[in-house]
There are 2 protein chains.
Amino acid sequence: MHFTSERRLEGALDREFTLGDIPGILWTPESAAPAPLILMGHPGGLGKMYPRLAARARACTAEGYAAATIELPGAGDRPRFPAVDEARADLQRALKAGEPVSDDIVDRLVLPLAETAVPEWRATLDALLALPGIGGPVGFSGGVIAIATRLAVVEPRIAAAVLFAGSYVPRSILEEARQVTIPLLVLLQWDDEGNDRQHALDLFDAFGSREKTLHANMGGHTGVPHFEGDAAGRFITRHLK
Amino acid sequence: MHFTSERRLEGALDREFTLGDIPGILWTPESAAPAPLILMGHPGGLGKMYPRLAARARACTAEGYAAATIELPGAGDRPRFPAVDEARADLQRALKAGEPVSDDIVDRLVLPLAETAVPEWRATLDALLALPGIGGPVGFSGGVIAIATRLAVVEPRIAAAVLFAGSYVPRSILEEARQVTIPLLVLLQWDDEGNDRQHALDLFDAFGSREKTLHANMGGHTGVPHFEGDAAGRFITRHLK
């Protein structure tokens, strides 16, 4: 892990890094004690997502957490995944035509991302937890729900997760969801144009966690109400502090 | 409205009252300014429910709200509704036998209650809002969701409601739900043994409110997590203060 930039802002230290060829960002609070860590997921494109990620990170550091994110495979400045781009175009075509989204499209779109991203998040976690100033426990928040789900299955260091049911989940990962046992807060937009409501409810049902809460709100993909940010913060605090 | 008992406890004034032959309880904070009012629903049986209602009321008065409740028709010391008792027995039989709960049972169980209780809540509201120390706005919280739904349709003084999707709703009241426009927080227990999950989701979908949030948690009817009480308080504060 190499830090490539550093600045202090509003009581936090913001650092860009690379881990191999993966770019990432780490925000740490100015505190003597090792901070719990929140891994922040996103839909891809760190540059475009930066303002929203920085705002989420600011909310974390204000509460004494470190926050970190890495670029998704095939997104931002990383090498493209032509097969994934093609599947994304097929998804858009199906949605525009009002056709059902086939399992084949979802598999081609999401499985290569999950297969690449999950080991990358784990390697990032190894590197982050080796830094002074970052301790545990670790939470995960947002991003591509299929990636977060598989990460929650395979990565025992993640203690709780806030998931956004805003993207399609391959059937094989829906099955893996039964092995998730950590506390979950799942956010669902009732009329998400980029997901299927019943599939999202099926996924919520599938998670094996004893404590899982679904927060469903009106509106489309980008309409998550502001108060859900506060709710996510309270959920994280309940489980990580 | 006649007050029949009065005591001061933990900074609040607790008064039992009767409105005609309906018993009720009013909790008011010790404050000079007129307090917003929360009507607290419950499943019937004020005596049995008193400890939980008093705890909910205490949380209200601590935040500067008045809280009030009345006995349900056919419950506690009020005259029985033999036809409703019979429907309740039919419901228990169906649930025990693992049979589907018919629309006929739900209608016979809930419609007479709603038809009697809704005007009673409205008369109570008239009387309460005429008291010094109680102002508006008014929220409704908990209880039989079919009663709360119809009340939200017909009673314009109710500004927001926390609903517990823990009991069956007749199809006619499911249709009425489309006319509800106030902000709603709907609590759902994912494996409620006294309700049907899909019907609860259909009801949530039916509400006409632009702002409505569903909080679904694991477990049965009585397993609502403690943190949902705090969430309900924040929802009420957002809309009533």
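Quick caveat, the model's predicted, so the values are computed rather than measured.

(A) Highlighting the overall build of chain A. Across its full length, chain A holds 7 helices and 9 strands. Against the compact-globule benchmark of 18 Å for 241 residues, chain A has a radius of gyration of 17 Å, which places it among compact chains. On the principal axes, the C-alpha backbone points of chain A span a range of 55 × 40 × 30 Å. Summed over its atoms, the accessible surface of chain A is roughly 10400 Å², and 55% of this surface lies on carbon and sulfur atoms. Of the charged side chains in chain A, 24 are positive and 31 negative, and the gap between their average positions amounts to 3 Å.

(B) Molecular detail of the relation of the copies chain B and chain A. Once chain B is rotated about the relating axis by 180° and shifted along it by 0.0 Å, it coincides with chain A to within an RMSD of 0.0 Å. Look at the turn and shift together and you get a two-fold axis relating the two. Rotation axis and chain B: the residue whose C-alpha lies nearest the axis is His215(B), separated from it by 2.4 Å. A shared binding surface is used by both copies, with 100% of the interface residues of chain B retained as interface residues in chain A.

(C) Representation of the interface of chain B and chain A in the model. Listed per partner, the contact involves 20 residues of chain B and 20 residues of chain A. Each partner contributes to the roughly 1600 Å² buried at the junction of chain B and chain A, and carbon and sulfur atoms together form 58% of this total. Three residues, Trp190(B), Met218(B) and Phe227(B), lead the burial of chain B against chain A; their summed loss comes to 30% of the area buried on that side. Arg197(B) serves as the salt-bridge partner of Asp205(A), at 3.3 Å between the closest nitrogen and oxygen. For the interface between chain B and chain A, the tally reads 9 residue pairs in polar contact (both at pLDDT 80 or more). Counting residues per element, the ones that place at least two in the side of chain B that touches chain A are α6 (197-206), β9 (212-217) and α7 (227-240) of chain B.

(D) Layout of the side chain of Asn195(B). Residues and elements named next belong to chain B. Topologically, Asn195 is positioned in the loop between β8 (184-189) and α6. Here Asn195 falls in the buried class, since its relative accessible area comes to 11%. At 3.5 Å, the side chain of Asn195 and the backbone oxygen of Ser167 are in polar contact. Other than its neighbours up to four places away in sequence, Asn195 contacts Ala165, Gly166, Ser167, Tyr168 and Ala200.

(E) Looking closely at the pairing of β8(B). All names here are of chain B. For β8, a buried count of 6 out of 6 residues is recorded, marking the element as mostly surrounded by other parts of the structure. In β8, alternate side chains face the same way, and those of Leu184, Val186 and Leu188 on one face and Leu185, Leu187 and Gln189 on the other are all buried. Pairing of strand β7 (residues 158-164) with β8, which is carried by 4 bridges, proceeds in the parallel orientation. Paired with Val162 across the bridge in β8 is Leu185. On the question of chirality, the crossover connecting β7 to the parallel β8 by way of helix α5 (residues 171-176) is right-handed. The parallel pair β8 and β9 is bridged by α6, and the resulting crossover is right-handed.

(F) Geometry of helix α7 (residues 227-240) of chain A. Over its 14 residues, α7(A) extends 20 Å from the first C-alpha to the last, a length consistent with the 20 Å expected when each residue adds 1.5 Å. Every buried residue of α7(A) is listed here: Phe227(A), Glu228(A), Ala231(A), Ala232(A), Phe235(A), Ile236(A) and Leu240(A).

(G) Structural context of helix α3 (residues 103-129) of chain A. Counted at 1.5 Å a residue, the expected span for α3(A) with its 27 residues is 39 Å, and the 37 Å between its end C-alpha atoms agrees. The axis of α3(A) is deflected most strongly, by about 30°, at Val110(A), and proline Pro112(A) appears within four residues downstream.

(H) Summary view of the nonpolar core. Leu37(A), Leu39(A), Ile147(A), Leu37(B), Leu39(B) and Ile147(B) are the most contacted members of the largest nonpolar core, which totals 128 residues. Residues contacting Leu37(A), with those up to four places away along its chain left out, are Ala66(A), Ala67(A), Ala68(A), Leu125(A), Leu128(A), Leu129(A), Ile134(A), Gly135(A), Pro137(A), Val138(A), Gly139(A) and Leu240(A).

(I) Structural view of the environment of Leu240(B). Residue and element names in this part refer to chain B. In this fold, Leu240 is placed in helix α7. For the pair Leu240 and Leu131, spaced 109 residues apart in sequence, the C-alpha to C-alpha distance is 19 Å. Residue contacts for Leu240: discarding those within four places in its chain leaves Pro36, Leu37, Ile38, Tyr65, Pro137, Val138, Gly139, Ala159 and Ala160.

(J) Representation of the environment of Leu184(B) in the model. All names here are of chain B. Relative to the helices and strands, Leu184 is located in strand β8. For Leu184, a relative accessible area of 1% corresponds to the buried category. Separated by 138 residues in the primary sequence, Leu184 and Leu46 place their C-alpha atoms 25 Å from one another. Sequence-distant contacts of Leu184, defined by excluding residues within four places in its chain, comprise Ala161, Leu163, Phe207, Ser209, Glu211, Lys212, Thr213 and Phe235.

(K) Structural view of the side chain of Glu120(A). Secondary-structure assignment places Glu120(A) in helix α3. Ignoring any residue separated from it by four or fewer positions in sequence, one finds Glu120(A) in contact with Leu19(A), Ile22(A), Ile70(A), Glu71(A), Pro73(A) and Arg78(A).

(L) How the structure looks around the packing of aromatic side chains. All names here are of chain B. The tally for this structure, following the rule as stated, stands at 8 aromatic pairs over all chains. On the basis of an interplanar angle of 85° and a centroid distance of 6.4 Å, the ring pair of Phe3 and Phe17 is categorised as edge-to-face. Pair noted here: Phe3 is in strand β1 (residues 2-9) and Phe17 is in strand β2 (residues 12-19), with a separation of 14 residues, a long-range link. Between Trp27 and Tyr50, the ring centres sit 6.4 Å apart and the planes meet at 25°, which makes this aromatic pair stacked. Note that Trp27 is positioned in strand β3 (residues 22-29) and Tyr50 in helix α1 (residues 46-62), a separation of 23 residues in sequence. A residue is classified by how much of its surface remains accessible, and Trp27, at 0% relative accessible area, is buried. Here Tyr50 falls in the partly exposed class, since its relative accessible area comes to 24%.

Rules of the game
- Residues numbered from 1 in each chain as written.
- Chains lettered and ligands numbered in written order.
- Predicted model: local features only at pLDDT ≥ 70, side-chain atom pairs only at ≥ 80, totals over all residues.
- Heavy atoms only, no water.
- Helix = DSSP H or I, 4+ residues; strand = E, 2+ residues; numbered from the N terminus.
- Rg over C-alpha atoms; globule rule 2.2 N^0.38 Å.
- Areas by Shrake-Rupley, 256 points an atom, 1.4 Å probe, with all protein chains shown as cover.
- Lys, Arg positive; Asp, Glu negative; His and termini not counted.
- Charge placed at Lys NZ, Arg CZ, Asp CG, Glu CD.
- Least-squares fit on C-alpha atoms with pLDDT ≥ 70 in both.
- Contact = heavy atoms within 4.5 Å.
- Buried area = accessible area lost by both parts, 1.4 Å probe.
- Salt bridge = Lys/Arg side-chain N within 4 Å of Asp/Glu carboxyl O.
- Polar contact = N/O pair within 3.5 Å; in protein donor to acceptor, adjacent residues only side chain to side chain.
- Buried < 20%, exposed > 50% of the residue type's maximum accessible area, 1.4 Å probe, protein only.
- Pairing = 2+ DSSP bridges.
- Right-handed = clockwise from strand over helix to strand, strands pointing away.
- Expected span 1.5 Å × (residues − 1).
- Bend = angle between axes of the 7 residues up to and from the residue.
- Core = buried A, V, L, I, M, F, W, Y, C linked by side-chain atoms within 4.5 Å.
- Phe/Tyr/Trp six-rings, centres within 6.5 Å; stacked < 30°, edge-to-face > 60°.

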